[in-house]
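Report on the structure
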Amino acid sequence: MSPPYSSPGPGLGSGRTSVALFSGGRGGASIARRLLRIPGVELSLLINGYDNGHSTGALRRYLPGMLGPSDFRKNLLLHLDGGDPRQAALRSVLEHRLPAGSTRDDLAGLVDRLARGRTFGMLPPEVRTPIVRDLTVFLRHLDGRPHGLSLSDCALGNLVFAGAYLRLGGDFNAAVGSCARTFGSPARLVNVTGGENAFLVALKEDGRLLADEADIVAPQDAAAITDLFLLREPVVPESRTALQAQPAERLRRTLDQARAGISLNPEARDALRHADLIVYGPGTPHSSLLPSYLTPGLADAIAANRAAAKVFVVNIRDDHDVRGLGASDLVDRTLAYLGDPFNERRTVTHVLCHRTAAPAGVTGGGRAGVRWITGDLEDPGRPGAHCGRRTVSALTGIAAEAPLVGAG
């Protein structure tokens, strides 16, 4: 069936409505922005911090113990799309990248100009002050440990996160909350875990090791990814060679024994238990979404919520990491990672799929207790991206019927 593309009805926008959206950095942005425009919607964005590409990876290596802030930083941009000069200034701070060859003194000069209101436009004092405070904390740390980090191409917003992390005693989740307040996020940004450091690796069906998140999101060969692991320590080049030399089953056991101990963030648990709508959002499956579902206790929090519709939104365009996998496979993987392979706990109630991405044999029908709904969800101006208006309209219709589904 095709979802009705109407204005928000009884499902969303008819009083206080809580939505929990699993997201990465940008995949669910159009949906989140549209949800934030609906009066009464309280949006929690559930994100993991396993990113370690480029400057984010360099920052994580420089500050052992810190998760990757980049996806959280990107989600702080959701409400900064308007023409308001203050919004433009906040966006500039978050997105500004230090030029190649930047030094500690270059960063200090930038912070000084920021403190005196001579850069980044119209930042009000209540925003400028905490940004300068956290960048100054980071500068002091850099003074005490001047080696080990290249500032070239570092996102200034990531350095604000790093300063907050240092100021708050290495509490990553507290840093997320602090930055969300600084930048005025209307959504609640929630790290899925208790903030424990962990490093994402994957195995492919041919036994090849993808040693970090950057490998996972890079262009792939035809072999599908079969396993994800969250490790206590990163896989460095020397150990990667030794690990790859192991037979596949032994390598799997080795990685399993090296798993990090992580816990569920109480904020994530509460958001899931009390949500009126849970959305497994679009994004890069093997970096942004599936690793979040490995969090102990998260599946139980979802299962404890019997009233919410729980909607899997299929990507319109495939990412590099899904070679050899279709929409049905990714739904199955989501269920498996959440410990409910046969959907006996109603972990997924609906799959929302763009009409051209729907797999044969399931359109309009049921599969593993899941209702598949198809429609035109693509943004006409951005091929391959979801249209927030169309997708949220479909979610509204699903949410409206959720109490009936839950009662059944």
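Here, every reference points to the structure presented above.
Conventions used here
Residues numbered from 1 in each chain as written. Predicted model: local features only at pLDDT ≥ 70, side-chain atom pairs only at ≥ 80, totals over all residues. Heavy atoms only, no water. Buried < 20%, exposed > 50% of the residue type's maximum accessible area, 1.4 Å probe, protein only. Helix = DSSP H or I, 4+ residues; strand = E, 2+ residues; numbered from the N terminus. Contact = heavy atoms within 4.5 Å. Pairing = 2+ DSSP bridges. Phe/Tyr/Trp six-rings, centres within 6.5 Å; stacked < 30°, edge-to-face > 60°. Axes fitted to C-alpha atoms, helices over the stretch in contact; angles between N-to-C directions. Parallel < 35°, antiparallel > 145°, perpendicular 65-115°, else oblique. Nonpolar A, V, L, I, M, F, W, Y, C, P; charged D, E, K, R; others polar. Left-handed = near helix turned anticlockwise from the far one by under 90°. 1 Å grid on protein atoms, 1.4 Å probe; cavity = no way out; pocket = protein on both sides within 12 Å on 5 of 7 lines; lining within 4 Å. Points joined across faces, edges and corners; volume = space filled by probe spheres on them.

Across the nine residues of helix α2 (residues 54–62), seven count as buried, placing the element largely inside the fold. All of the buried residues in α2 are S55, T56, G57, A58, L59, R60 and Y62. Those residues of α2 that are buried lie in contact with α3 (70–75), α6 (125–144), α7 (156–167) and β4 (199–204).

A few words now on the sheet that holds strand β5 (residues 209–210). If you walk across this open sheet you meet the three strands as β5-β4-β6, and the pairing is antiparallel. Whereas interior strands pair on both sides, the edge strands pair on one side only; in this sheet they are β5 and β6 (225–231). Inspection of the sheet shows β4 paired to β6 by six bridges, in the antiparallel sense. Bridge pairing in β6 places V201 opposite F229.

Enumeration according to the criterion identifies five aromatic pairs in this entry. For the pair Y62 and F138, a centre-to-centre distance of 6.3 Å together with 65 degrees between the ring planes defines the contact as edge-to-face. Highlighted residues: Y62 in helix α2 and F138 in helix α6, separated in sequence by 76 residues. Ring geometry for F72 against F172: centres 5.4 Å apart, planes inclined by 75 degrees, an arrangement best described as edge-to-face. Residue F72 is found in helix α3, and its partner F172 is found in helix α8 (residues 172–182); the two are separated by 100 residues along the sequence. For F172, a relative accessible area of 3% translates into the label buried. Taken together, the ring pairs in this structure connect F22, Y280 and Y293 into an aromatic cluster.

Quick look at the packing of α6 against α7 now. Following both chains from N to C, one finds α6 and α7 inclined at 75 degrees, their axes separated by 7 Å at the closest point. The orientation of α6 with respect to α7, classified from their angle, is roughly perpendicular. In this structure, α6 contributes I131, R133, D134, L135, V137, F138 and H141 to the contact, and α7 contributes L156, L159, V160, A162, G163, A164, L166 and R167. Its residues assigned to classes, the contact of α6 with α7 shows 10 nonpolar, two polar and three charged.

This part covers the packing of α7 against α8. Helix-helix packing: each pair is described by the crossing angle between the helix axes and the interaxial distance. For the pair α7 and α8, the least separation of the axes is 8 Å and the interaxial angle reads 125 degrees. Here α8 runs oblique to α7, going by the angle between their axes. Along this stretch, α7 crosses α8, giving a crossing that reads as right-handed. In contact with V160, F161, A164, Y165 and R167 of α7, α8 contributes F172, A175, V176, S178 and C179.

This next bit is on the layout of surface pockets. If a probe the size of a water molecule is rolled over the atoms, the empty space left behind becomes visible. Looking at the largest pocket, its volume works out to about 910 Å³. Taken together, 39 residues form the lining of the largest pocket, with G25, R26, G27, K74 and T284 sitting closest to its centre. Listed by contribution, the elements that provide at least two residues to the lining of the largest pocket are α1 (29–36), α2, α3, α9 (213–217), α13 (285–289) and β13 (382–386). When residues in the lining of the largest pocket are grouped by element, the largest group, five residues, is from α3. Volume-wise, the second largest pocket comes out at about 360 Å³. Lining the second largest pocket we find 17 residues, and of these N52, R61, F199, P234 and V235 sit closest to its centre. For the lining of the second largest pocket, the element with the highest residue contribution is α2, accounting for three residues. Considering only residue class, the lining of the second largest pocket consists of seven nonpolar, four polar and six charged.

In the Ramachandran plot, D153 falls in the positive-phi region, its phi being about 65 degrees despite a non-glycine side chain. With respect to the element layout, D153 can be found in the loop between α6 and α7. Look at D153 and you get partly exposed, because its relative accessible area is 40%. With a phi close to 60 degrees, N343 is a non-glycine residue in the positive phi region. Mapped onto the secondary structure, N343 falls in the loop between α15 (327–337) and β9 (350–354).

Everything listed here is a matter of geometry and, on its own, says nothing about what the molecule does.
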